Amino acid sequence: MATTQVETVSSGADKAKLAAVAALVVAAIAGFYLLSKQGPIVQWLVLLVGLAAAAGTFLVSEPGKRFVSFAQDAWREVKKVVWPTRKETMQMTLYVFGFVVIMALFLWFTDKTLEWVLYDLILGWRK
């Protein structure tokens, strides 16, 4: 099992790249609204191109590389999961529903018992 260690170094270049990412996102959104008279195709094209440029810039920065490494590790872990079969899933679902019904009945019975004890026996409000 090989774990990937990414060293965290915050350089000026990475800060500049992240500032450029923020500027590209803002510019893409502003372009989307400012070009409303050009039609929806131009609006969406400007938005998608701006967001793609922001994503590309982010992915070449150090935080972007760490994110890609994290995503790869997470995907590797997901592939290790042993998922339950359909039969096991149905059984567990029925167990949960059964437990919920039993607890609902128990809480209803407890509520009615306490209501009877408090209102009828102790306070005598119901006659």
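Residues numbered from 1 in each chain as written. Predicted model: local features only at pLDDT ≥ 70, side-chain atom pairs only at ≥ 80, totals over all residues. Heavy atoms only, no water.

With that settled, the discussion passes to the UniProt feature "transmembrane region" (unreviewed entry) in the chain. Per the UniProt record, "transmembrane region" (unreviewed entry) is found at residues 18-35, 41-60 and 92-110. Each end of residues 18-35 is marked by a C-alpha atom, and these two atoms are 25 Å apart; helix forms 94% of the span and strand 0%. Spanning residues 92-110, this segment combines 100% helix with 0% strand, and its end C-alpha atoms are found 27 Å apart. (UniProt positions renumbered as here; feature names shortened; annotations may be inferred. Helix = DSSP H or I, 4+ residues; strand = E, 2+ residues; numbered from the N terminus.)

Below, the discussion takes up the side chain of glutamine 43. You can see glutamine 43 is positioned in helix α2 (residues 40-59). Owing to a relative accessible area of 12%, glutamine 43 belongs among the buried residues under this scheme. (Buried < 20%, exposed > 50% of the residue type's maximum accessible area, 1.4 Å probe, protein only.)

On to the pattern of salt bridges. Using the criterion set out here, one finds three salt bridges in the structure. Arginine 76 is the salt-bridge partner of aspartate 73, the closest N and O atoms lying 2.3 Å from each other. On the criterion of helical spacing, the pair formed by aspartate 73 and arginine 76 is a turn pair, its members being three residues apart in helix α3 (residues 62-80). Close ionic contact of glutamate 77 with lysine 80 constitutes a salt bridge, the shortest N to O distance being 3.2 Å. In this pair, glutamate 77 and lysine 80 are both assigned in helix α3, three residues apart and thus about one turn of the helix distant. Accessibility expressed as a relative area gives 44% for glutamate 77, which makes it partly exposed. (Salt bridge = Lys/Arg side-chain N within 4 Å of Asp/Glu carboxyl O.)

Before going further, it helps to spend a moment on the domain arrangement of the chain. Each assigned domain of the chain is listed with its residue range as follows: domain 1 (9-80) and domain 2 (82-126). Averaged C-alpha coordinates put domain 1 and domain 2 at centres separated by 50 Å. (Domains from an automatic or database assignment.)

This paragraph deals with a nonpolar patch on the surface. A contiguous nonpolar patch, built from Leu114, Trp116, Leu118, Tyr119, Leu121, Ile122, Leu123 and Trp125 and spanning about 890 Å² of accessible area, is present on the exposed surface. Position of tryptophan 116 relative to the elements: it lies in helix α4 (residues 86-122). (Patch = residues over 30% accessible without salt bridge, like charges linked within 9 Å, V, L, I, M, F, W, Y side chains within 5 Å. Areas by Shrake-Rupley, 256 points an atom, 1.4 Å probe, with all protein chains shown as cover.)

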